[in-house]
Amino acid sequence: LLKPNLIYMATTAQIDSLRTLEDLFRFSTSQYAPKTMNRLYGSEAGYTFGSFKYACERLSTILSRHGVGAGDRVAIYSTGHPNWSVAFFSATAFGRVAVPVLPDFTGSEAKHVLEHSGAKVLFASAKQLAKLDEQVLDSMNLVFAIETLEIVRDNSSEAAFANVSSPLPDSLATIIYTSGTTGSAKGVMLLHRNFIGNVRAGIHYFPLDTNDVMLSILPLAHAYELALGMLYPFSTGASVCYIPKPPTPSFLMQVMSEVRPTAMLSVPLIIEKVYRGSILPMLKRSKFLHWMDLHMNRTLCKIVGKRMIKIFGGRLRFFGIGGAKLDVEVERFLQKARFPYHIGYGLTECAPLLTLCSYKNTVPGQIGTPVYGMELRLDNINPATGEGEIVARGENVFPGYYKDASRTAEAFTPDGWFRTGDLASVDEKGRYGIKGRLGNMIVGASGENIYPEEIEMVAKEIPQIEDIIVVTRGNKLVALVKAADSLFDLAEAKTDEQTKAAVESFKKSVSDYVNARVNVASQIKSVELMTKPFEKTATLKIRRFLYSKDAPTV
């Protein structure tokens, strides 16, 4: 294990004393001034904590000179980069409001965010900048190239110097627009205390220090990576390495062998692909490993787990998984392998953390217990099942949606607790287990509650299934399946009839497999193969609302 540097190591009491992102900015840039804060893989771009302070203060002055002061909106439309943090803190630490924009948003989606938020400034990477039309760029006071922090568009004319201010705990820090899985984007208003609450929860759960190196592969515009992948390591003096292109498996292997991260955040799909794409085939290819899998499974899992840590660079001690539910079969393997995974559950509205658990103290399929400073309870509990909606109260919970009073009212209970929309149960140790989303739940013909996520988890045990969602068609359950490209070997000279027969055979095998493992009410009536990949959110969850009606299938 890495030994912490006691000269720079922050105490829990010091972190607990912080109240705003300005406090955090002043604390960390002073406490860890000579230490490396971040860098871009394969580049010289990056900062020490001391040089980062100078860059933020310099940029804040430039913004003020162009009429952008306290309360003004500053949008950031970019993939991960050391300058993303500069743009963020040059806004939030000086009383401005950051508006992170997911990098996979289309030009029209980004335009909506910029217009709805009233952003005056835009920091954008070259790829994202190319998505925006001239009209949008002309509406900004300033447009910066995030790679260089140079002004590429100045429409501020002769704006008066704008003052900054010190934010309060209840001051607005960001507006994050979610792509969501159920409908149009919502502007989630997050306060300074919301983010500080997440930082405090982190230090109480798993302290990082100045020897830690975090690898960042997820969008910083998502609350998950923003709070836990940027702000939390910033508070402890850990350094962060960003990558310049999408995290394909081959590129990630290269990066991890060189960076040798001690911590990183991921979404379930990434580790599930590692398990199904590398580990399972390896076990099937080797007769000896297959025998060990059958007769010495736990020993084999530990051997494979050590090998996985080596693949991740050999120093990994924290692998956070969040954004969606992890496949239970994969989690069982990771736990037996003693792979250092940690499950986080939350929502953007909670900036985002609500619960945490680790491979040391969880039961596969559960999401853990409430984080430091948060309270959870179940509302509207079904006496037959013990399941109810998770509602939350605490420092992490947002005040409401921007310019949307009706949605804000719907998001809270009469006594002021935030309604997560997630159905769950709680065991005798206070550990929560998610059943599914209230909005996704299907009521069966006899009044049974059917959770499509549970059916989908069963179906994902089939190796040839890449993605799946279960929907209703005429009061019948239908599985929409995106099969792996390798399912049908079309390289062979197959006739149309042979291909059609293979498709129908696969559909039947899916329905037979699933229906043999779920209750009668949850059995699927038909399977449809998708001709195109599902559209997904930033955390790789399928946008279900797009498939409530018929989609192109075969």
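For the structure, see preceding data.
So, a few notes on the structure that sits alongside this text. What you see is a predicted model; the values in this text were computed from it and never measured. (Residues numbered from 1 in each chain as written. Predicted model: local features only at pLDDT ≥ 70, side-chain atom pairs only at ≥ 80, totals over all residues. Heavy atoms only, no water.)

1. A closer look at the overall build of the protein chain
Within the protein chain one finds 17 helices and 26 strands. Taken over C-alpha atoms, the radius of gyration comes to 24 Å for the protein chain, in line with the 24 Å a tight globule of 554 residues would show. When the backbone C-alpha atoms are referred to their principal axes, the protein chain occupies close to 70 × 55 × 50 Å. When burial is assessed residue by residue, the protein chain has 55% of its 554 residues classed as buried. Here the contacts in the protein chain between residues at least 6 apart in sequence split such that 65% fall between residues at least 24 apart. For the protein chain, the exposed area adds up to about 24000 Å²; of that, 53% sits on carbon and sulfur atoms. Here the protein chain carries 62 positive and 55 negative side-chain charges, and the mean point of each set is 6 Å from the other. (Helix = DSSP H or I, 4+ residues; strand = E, 2+ residues; numbered from the N terminus. Rg over C-alpha atoms; globule rule 2.2 N^0.38 Å. Buried < 20%, exposed > 50% of the residue type's maximum accessible area, 1.4 Å probe, protein only. Contact = heavy atoms within 4.5 Å. Areas by Shrake-Rupley, 256 points an atom, 1.4 Å probe, with all protein chains shown as cover. Lys, Arg positive; Asp, Glu negative; His and termini not counted. Charge placed at Lys NZ, Arg CZ, Asp CG, Glu CD.)

2. Describing the environment of Asp422
Looking at where Asp422 falls in the secondary structure, it is placed in strand S20 (residues 418-426). For Asp422, a relative accessible area of 7% gives the class buried. As for Asp422 and Ile367, which are separated by 55 residues in sequence, their C-alpha atoms are 12 Å apart. Looking at Asp422, its side chain comes within polar contact range of the side chain of Tyr345, at 2.7 Å. (Polar contact = N/O pair within 3.5 Å; in protein donor to acceptor, adjacent residues only side chain to side chain.)

3. Here we look at the packing of helix H8 (residues 192-205) against helix H9 (residues 223-236)
The geometry of H8 relative to H9 is characterised by a closest axis approach of 9 Å and an angle of 65° between their N-to-C directions. Here H9 runs roughly perpendicular to H8, going by the angle between their axes. For H8 against H9, the interelement crossing comes out right-handed. Listed contacts from H9 to Phe195, Asn198, Val199, Gly202 and Ile203 of H8 are Leu226, Ala227, Leu231, Tyr232, Ser235 and Thr236. Of the residues contributing to the contact of H8 with H9, the split by class is 7 nonpolar, 4 polar and no charged. (Axes fitted to C-alpha atoms, helices over the stretch in contact; angles between N-to-C directions. Parallel < 35°, antiparallel > 145°, perpendicular 65-115°, else oblique. Left-handed = near helix turned anticlockwise from the far one by under 90°. Nonpolar A, V, L, I, M, F, W, Y, C, P; charged D, E, K, R; others polar.)

4. Describing the sheet that holds strand S13 (residues 318-321)
If you walk across this open sheet you meet the 9 strands as S2-S1-S11-S10-S12-S13-S14-S15-S16, and the pairing is mixed. At either end of the open sheet lies a strand with only one pairing partner, and these are strand S2 (46-48) and strand S16 (369-370). Most of the contacts of H8 go to strand S15 (residues 353-358), to which it runs at about 15°, and overall it touches S13, strand S14 (341-346) and S15. Along the sheet, H9 makes contact with strand S1 (36-40), strand S10 (213-216), strand S11 (239-242), strand S12 (263-266), S13 and S15, crossing S12 at roughly 170°. (Pairing = 2+ DSSP bridges.)

5. Details of the pairing of strand S9 (residues 186-191)
Of all 6 residues that make up S9, 5 are buried, and the element is covered over most of its length. With 6 bridges connecting them, strand S8 (residues 172-178) and S9 associate as antiparallel partners. Residue pairing for S9: Thr178 is matched across the bridge by Lys186.

6. Some details on the sheet that holds S20
Strand order across the open sheet formed by 4 strands is S17-S18-S20-S21, with antiparallel pairing between neighbours. The open sheet is flanked by strand S17 (374-382) and strand S21 (432-437), the only strands paired with a single partner. Neighbour-to-neighbour, the strand axes of the sheet open up by a mean angle of 45°, direction not taken into account. Two elements, strand S18 (residues 387-394) and S20, share 4 bridges in a ladder whose sense is antiparallel. Within the sheet, the bridge partner assigned to Gly388 lies in S20 and is Ala424.

7. Some remarks on the pattern of salt bridges
A full pass over the atoms with the stated rule returns 23 salt bridges. Among the salt bridges present, the one from Asp170 reaches Arg193, with a minimum N-O distance of 2.5 Å. Pair noted here: Asp170 is in the loop between strand S7 (150-154) and S8 and Arg193 is in helix H8, with a separation of 23 residues, a long-range link. Glu504 is the partner of Lys507 in a salt bridge, and the nearest nitrogen-oxygen pair spans 3.6 Å. (Salt bridge = Lys/Arg side-chain N within 4 Å of Asp/Glu carboxyl O.)

8. Notes on the nonpolar core
Among the nonpolar cores identified, the biggest contains 146 residues, and Phe88, Phe89, Leu122, Phe123, Leu231 and Leu334 are the most heavily contacted of them. Ranked by the residues each element gives to this core, the list is headed by H9, at 9 residues. Here Leu334 is in contact with Ile271, Met308, Ile321, Leu326, Phe339 and Tyr341, once residues within four sequence places are set aside. Formed by 21 residues, the second largest nonpolar core is a distinct cluster that contains Ile442, Val481, Phe506 and Ile524. (Core = buried A, V, L, I, M, F, W, Y, C linked by side-chain atoms within 4.5 Å.)

9. Quick look at the side chain of Ser358
One can find Ser358 in strand S15. A relative accessible area of 5% places Ser358 in the buried class. Those residues in contact with Ser358, other than ones at most four positions away along the chain, are Tyr205, Tyr341 and His342.

10. Some thoughts on helix H17 (residues 496-515)
Given a rise of 1.5 Å per residue, 20 residues ought to cover 28 Å, and the 29 Å separating the end C-alpha atoms of H17 matches this to within 8%. Turning to H17, its buried residues number three or more, namely Val503, Phe506, Lys507, Val510, Ser511, Val514 and Asn515. An end-on view of H17 places all buried positions within 155° of arc, on one side of the element. Residues Glu497 and Lys508 are exposed on H17 and point more than 90 degrees away from its buried face. (Expected span 1.5 Å × (residues − 1). Arc of directions from axis to C-beta.)

11. Some details on the environment of Phe25
One can find Phe25 in helix H2 (residues 21-31). Residue classification places Phe25 among the buried residues on the basis of a relative accessible area of 0%. In this structure the C-alpha to C-alpha distance between Phe25 and Ala459, which are 434 residues apart in sequence, comes to 46 Å. In this view, Phe25 contacts Phe52, Lys53, Cys56, Phe89, Ala93, Phe94 and Phe234; residues no more than four positions away in its chain are not counted.

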